[in-house]
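What follows is the residue order along each chain.
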Amino acid sequence: MATKKKDQAPEKSKGELLKESLCMTKKYSYDIMTEEQIKECYDYCEGYKEFLDKAKTERESVTYAVEYLEAHGFKPFEYGKKYKKGDKFYLNNRGKAIYIVVVGKKSFEEGVHIAAAHVDTSRIDLKQNPLYEDNNLAFFKTHYYGGIKKYQWVTLPLALHGVIMKADGTKVEVCIGEDESDPIFYITDLLPHLGKDQAGKPLYNAFSGEDLNILCGSRPFADDKVGEKIKLNVLALLNEKYGITEEDFLSSELTLVPVSKARDVGFDRSLIGAYGHDDRVCAYPILTAIADVAGKNEHTSVTIFADKEETGSDTNTGMTSFAFEDMLKEMCINAGQNPRKMFANSKCLSADVNAGFDPNFAGVYEARNSAFLNKGVCVTKFTGGGGKGGTNDAHAEFVSYVRNLFNDAGVIWQMGELGKVDQGGGGTVAKILAKLNIDVIDVGVPVLSMHAPVEVVAKTDIWSSYNAFVAFFKD
Ligand code: MN
Ligand code: MN
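Scope of this entry: the structure provided in the associated data block. None of the values given here were measured: they were computed from a predicted structure.

Next up on the list: the coordination of the manganese ion (ligand 2). Looking at the manganese ion (ligand 2), the protein donor atoms are Asp278 (OD), Glu310 (OE), Glu310 (OE) and His451 (NE2), and they sit 2.0 to 2.6 Å from it. In primary sequence terms, the donor set of the manganese ion (ligand 2) follows D-x31-E-x140-H. For the pair the manganese ion (ligand 2) and the manganese ion (ligand 1), the metal-to-metal distance amounts to 3.3 Å, and Asp278 bridges them. Within this pair, whereas Asp278 is found in helix 7 (residues 277-293), its partner Glu310 is found in the loop between strand 14 (300-306) and helix 8 (323-334), the two being separated by 32 residues in sequence. Of the two residues, Asp278 and Glu310, both sit in the buried class.

Okay, here's the thing in C-alpha cells:
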C-alpha cells in the first residue's frame, strides 16, 4: 500500500460515493456562490431596497414600473398595432396593474413566457367616510385590506398614501409620513396596567376591525361658535394643503402603510427587513429580468404586476379580469395568429412568496418539504389547502421543464410547500392564469413573518429569483 501524499484527499468509501450519486442534497447559497456573485447579489439588492421605499402601494409600484420601462425603451401598448420581434411595450391598467411585453424571436403561436407577481400588499385602508371626533381627539375609521394580524398594526408609525378625486374631477396624490419632517399616524393600544381583560382574549379577536381607528389630530379650530372643532381643524388643514372637502373622501383611496424604510437585518447584512416583500420581492426581479433579457429572448416574454391578489384577485385590475387576456389576444390576432394556440403553448411562472421555515415556529412546518432562507428561489408544485383544494397543481412534465431550465442555468433553487398538511393553506394568481390553458407553476422567494408590517427575506434568494426569471425569459 502506497503512502498517501499529504495534500491528497482521502478516498471516498463505496457508501459515500453511492450517497453522492443517489441522494438529493440542497446546499446553502453561500456554499455555492463565489465572492463576486455575493457582491453582485448584494449590489442588486440595493436597487430592490430603493424600489421598496418608493413603491409601497400598487399605484406606486405601477408608477415605478412605468418610469423604469420608459427609461428602458418600452412604449405604451396600442390596440390595432401589429407587433414584431424586438418590440417592447406595456399596458398600464388603471395605474394599479401593468402587463409588460418583449416580443421574442419565435411566433406568438409557439407560446409566450409569462412571469406574474402582485403589487398590492396587506394594509389598513380608510373608510369612505373616515373622519370623526371623539372626546377631543380626531380619528379616521378604517377597513383593513388583505390578511393582516390586527394586533401587529397598533402603536406603529403609519404613513398615509393614496389618491383623492375632487369634486371637479381632478386627482390629488397623497403621501404623508415618509419624509422625516412629516407627521405620522397611529393606532392606540391599551396600557398593560388596564389590560387584564384584553390579555385574556385569543389573539385573533383581541382587536376587531372596528378597533383600528387612526389617531389624526387633537387641536381645535379657534372658534367657540362651532362644535367638533378638532375635526373641523383637520378638515381646514386638509383643505389648505389639498383643496379638499369632507365629501371628497367619498371618492378617495387612502391607505396606511408602515413608515419604516427597507433595512438590512443582522450583523452580516445578509437579510432585508421591509414592508411589502410579499410580493414586491418577486415583482422587482421580474421587472428587471424582462428589461435585461430584451433582445435575447426566444419566446415572447411577459411580466405581470397584478392588483387585488391579497383580497382574492377580483376587480378589473385583479388577475381574474379579462384585461390581460385581451391584451395578449389583441397582440396575437393583429399578427394574424391564433390566440388559442398561443395560450396552449404558453408557460407561466407565478411569482409569489412562500413561507420560509422559521425555527421559532417549527411546529407548523414539515421541514423535509419546506423552503429555507438562503437555499434559493422556491418552486411550489401545488398550492391550496386541505386535500389539495383550491389549487394550481403543476404537472410533473412542467416541473421537469422548470427543474432542467434552472439546473442548466445554474439557478440556486429549492422546492417547498406552504406548511404542514391541514395547518392552513394559501394560493395566488397561478390557478387563474392556468384557466387560460397555460402551464403554470409557483416560483418565488421564501419570507419570514409574511403579512407582518415588516417581513424578512434573504438577499441570496432575491438574486436567485432574478436568475431564475432571466433563464425563463431567455428560453
Ligand atoms: Mn403574495
Ligand atoms: Mn400575501
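A separate point is the sheet that holds strand 10 (residues 214-217). Strand order in the open sheet formed by seven strands is 8-7-11-5-6-10-9, and the pairing between neighbours is antiparallel. Of all strands in the sheet, those with a lone pairing partner are strand 8 (171-176) and strand 9 (186-187), marking the two edges. Of the strands in this sheet, strand 5 (123-134), strand 6 (137-145), strand 8 and strand 10 touch helix 6 (residues 229-242), which is tilted by about 125° from strand 5.

This next bit is on the pattern of salt bridges. A side chain with one charge can pair with a side chain of the opposite charge if their charged atoms come near. For the coordinates displayed, the defined rule picks out 21 salt bridges. Of the charged contacts, one joins Asp264 and Lys49 as a salt bridge, the two residues approaching to 2.8 Å between their closest N and O atoms. In this pair, Asp264 sits in strand 12 (residues 263-265) while Lys49 sits in helix 3 (residues 35-54), placing the two residues 215 residues apart along the sequence. Of the charged contacts, one joins Lys341 and Glu109 as a salt bridge, the two residues approaching to 3.8 Å between their closest N and O atoms. Of this pair, Lys341 sits in helix 9 (residues 339-344) while Glu109 sits in the loop between strand 3 (97-102) and strand 4 (112-118); the two residues are 232 residues apart in sequence, bridging distant segments of the chain. What makes Lys341 partly exposed here is its relative accessible area of 44%. Among the charged side chains, a salt-bridge network with shared partners connects Glu46, Lys49, Asp264, Arg269 and Lys459.

For the rest of this paragraph, the subject is the coordination of the manganese ion (ligand 1). For the manganese ion (ligand 1), the protein coordination sphere consists of His118 (NE2), Asp278 (OD), Asp352 (OD) and Asp352 (OD), at 2.1 to 2.5 Å. Positions of the donor residues of the manganese ion (ligand 1) along the chain correspond to the pattern H-x159-D-x73-D.

A few words now on the sheet that holds strand 12. Adjacent strands of a sheet form backbone hydrogen bonds with each other and so pair up, either parallel or antiparallel. Taking strand neighbours across the sheet as the criterion, the three strands line up as 12-13-23 in an open arrangement whose pairing is antiparallel. At either end of the open sheet lies a strand with only one pairing partner, and these are strand 12 and strand 23 (455-458). Direction aside, neighbouring strands of the sheet carry axes that sit 35° apart on average. As defined by bridge partners, strand 12 adjoins strand 13 (residues 271-274) across three bridges and the pair is classed as antiparallel. Following the sheet pairing, Asp264 is matched in strand 13 by Ile272. Its contacts with the sheet put helix 3 on strand 12 and strand 13, and the angle it makes with strand 13 is roughly 5°. Along the sheet face, helix 7 touches strand 13 and strand 23 and points at about 30° away from the line of strand 23.

Between its first and last C-alpha, helix 10 (residues 396-409) extends 20 Å over 14 residues, near the 20 Å set by a 1.5 Å rise per residue. Those residues of helix 10 that are buried are in contact with strand 4, strand 15 (347-350), strand 17 (377-380), strand 19 (413-415), strand 21 (439-444) and helix 12 (459-474). Downstream of helix 10 by one or two residues, Gly410 has phi in the positive range, about 70°.

The rules behind these values
Residues numbered from 1 in each chain as written. Chains lettered and ligands numbered in written order. Predicted model: local features only at pLDDT ≥ 70, side-chain atom pairs only at ≥ 80, totals over all residues. Heavy atoms only, no water. Donors = N, O, S within 2.8 Å, 3.2 Å for Na, K, Ca; no water. Helix = DSSP H or I, 4+ residues; strand = E, 2+ residues; numbered from the N terminus. Buried < 20%, exposed > 50% of the residue type's maximum accessible area, 1.4 Å probe, protein only. Pairing = 2+ DSSP bridges. Contact = heavy atoms within 4.5 Å. Axes fitted to C-alpha atoms, helices over the stretch in contact; angles between N-to-C directions. Salt bridge = Lys/Arg side-chain N within 4 Å of Asp/Glu carboxyl O. Expected span 1.5 Å × (residues − 1).

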